[in-house]
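Examination of the molecular architecture
Here is what each chain is made of, one letter per residue.
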Amino acid sequence: MDYKKLKSGTDIRGTAMETEAEGPVQLTDPVVEAIARGFLCWCAKRLGKPASRLQIALGRDSRLSGPRILEALCRAFTAHGAQCLDCGLASTPSMFMAVLDLPCDCAVQVTASHHPCHRNGLKFFTKEGGLDGPDVGEILEMAQQGASPEEAPGGARKACAHMDQYAAHLREIIKTGIGAADYEHPLAGFKIAVDAGNGAGGFYASQVLAPLGADVSGSQFLDPDGRFPNHIPNPENAAAMESASRMVVESGADLGLIFDTDVDRAGVVDRQGREINRNRLVAIASAIALEKAPGGTVVTDSITSDGLHHYIEATLGGVHRRFQRGYKNVINEAQRLNALGVDCPLAMETSGHAALRENHFLDDGAYLVTKILIKMAALKQEGKDLEDLLAPLEEPVEAVEVRVPIVEEDFRARGSQVIGELEAYAKAQGWAIAPDNFEGIRVSFPAGEGEGWFLVRLSVHDPILPINVESNAAGGAAVIREKLRAFFTAHNQGLDCGAL
């Protein structure tokens, strides 16, 4: 078993149930136990505590393989004297909060986010936040080498209802933020529909919204079911968002909320069934964050639109720093800027990962929608709604993403080479290359030549060159794609350019 293949950015991910397409299980019990021992060794090195003195919180999403993997983790941890706090079905953000609330030394969440139901994975947290990619690589290397602390007596496992505490924390934020006359029921009179996609997010309807007086009767797919029988729990998935939009329209809700499997991401649907997702969601989060940090900087990933850039800077009076894909990259950049004295209250990816400084820069879909609900209530007092907040946002007429597979074994080297060749080609054509781009190459075109932009970058995890194209003119995206097709026709070695 090559443990390095299980690394996916800042997570560990692999097959946890055998399928015909992907073959045997990668995250077997022995593999999970070896990773657990590697994590204990990492904790001893980085936290300065032997395994026998560690308290570790454990949670999982609704995947069918979750209980088995959590059992394997507990076996390994308790064999070395660690105390395991079993939080059961839990959201990923709640597991970081568990480190602060319980308290405990660290936490592990069993999840593969929006990936198919036969896959699963692990995320690790300390009081500093989620582990970074190099930390995960070090844990996997230790597991590969068979690293293990000494076995010790006294290890134990006990149930922990931390999700109740986490839900109460969110309820208190809403009560304080709205400050209604009926303090205990600030959402009375609102109908809010939740689509949990049969993941871990059903608690938000039953434990947060309903106790605050909201009518949640229009909600759907709240029961955890690791087969995900209704739709993929992913706010970026078109079918999932269409389902959430129908939910809102058919139930007559004032607002719809949709979570991914482990609730670190969210999407929103307005009362007319229109999606508030991607650039629109970043815009609302920016408006909320900059209220308390006027003139502050918002860090986003690289594929955000020109309209969002104008909205943050011209409408909100903030500064927009368009950085790299990968939610951890965006969060790390925001933290770096704050350490330098730059007022940066928000880091957000268009995928829905939103991390606010006031919430420990934790990407938490439940916290994001909590802040949006407070804003919705404030707007209602002014006779407005969320769409009024978004009215100044200029949205592209056309937007498309094309994914070009890299078929060479060393895909990173070939992908980087292609981007370098495209940059030289763009300069030779006299194209306007964005000077403030931190990932791949971004080029803008004036009216008559596509009236928009493209971004070509190398995927964070996969052997793919994602190409994003946006245009402010009907037919403009096709004009820009044709310009790219001319380049890729001449530079197609090691690429499958059929999608272009």
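The text that follows walks through the structure, step by step, so that each part is easy to find.

Rules behind the numbers
Residues numbered from 1 in each chain as written. Predicted model: local features only at pLDDT ≥ 70, side-chain atom pairs only at ≥ 80, totals over all residues. Heavy atoms only, no water. Helix = DSSP H or I, 4+ residues; strand = E, 2+ residues; numbered from the N terminus. Rg over C-alpha atoms; globule rule 2.2 N^0.38 Å. Buried < 20%, exposed > 50% of the residue type's maximum accessible area, 1.4 Å probe, protein only. Contact = heavy atoms within 4.5 Å. Pairing = 2+ DSSP bridges. Axes fitted to C-alpha atoms, helices over the stretch in contact; angles between N-to-C directions. Salt bridge = Lys/Arg side-chain N within 4 Å of Asp/Glu carboxyl O. Right-handed = clockwise from strand over helix to strand, strands pointing away.

So, about the overall build of the chain. Looking only at helices and strands, the chain features 14 helices and 22 strands. For the chain, the C-alpha radius of gyration of 23 Å lies close to 23 Å, the compact-globule estimate for 500 residues. Counting the 500 residues in the chain, one finds 56% classified as buried. Contacts in the chain between residues at least 24 apart in sequence constitute 69% of all its contacts with a sequence separation of at least 6.

In this section: the sheet that holds strand β18 (residues 398-405). Strand pairing in a sheet takes place through backbone hydrogen bonds and is either antiparallel or parallel in direction. Pairing within the open sheet is antiparallel, and its five strands lie in the order β18-β22-β21-β20-β19. Looking at strand neighbours, the two that pair on one side only are β18 and β19 (432-433), the edges of this open sheet. Sitting on the sheet, helix α13 (residues 411-429) is in contact with β19, β20 (441-445), β21 (452-456) and β22 (464-471), with an inclination near 30 degrees to β20.

A word on the pattern of salt bridges. By the definition in use, this model includes 40 salt bridges. Salt-bridge contacts for Glu358 lead to Lys371; the nearest nitrogen and oxygen are separated by 2.9 Å. In this pair, Glu358 is assigned in the loop between β16 (354-356) and β17 (362-363) and Lys371 in helix α11 (residues 365-381), connecting sequence segments 13 residues apart. A residue is classified by how much of its surface remains accessible, and Glu358, at 41% relative accessible area, is partly exposed. Residue Arg403 is joined to Glu401 by a salt bridge in which the shortest nitrogen-to-oxygen separation is 3.3 Å.

Moving on: the pairing of strand β4 (residues 83-89). Along β4, five of the seven residues are buried, which leaves the element largely enclosed by surrounding structure. Where strand β3 (residues 55-60) meets β4, five bridges bridge the pair, whose relative direction is parallel. Within the sheet, the bridge partner assigned to Ile56 lies in β4 and is Cys84. Where the polypeptide runs from β3 across helix α2 (residues 66-79) and back to β4, its parallel neighbour, the crossover connection is right-handed. Bridge analysis of β4 against strand β8 (residues 156-159) gives four bridges, and the strand direction is parallel. Considered in β8, the bridge of Gln83 is made with Ala156.

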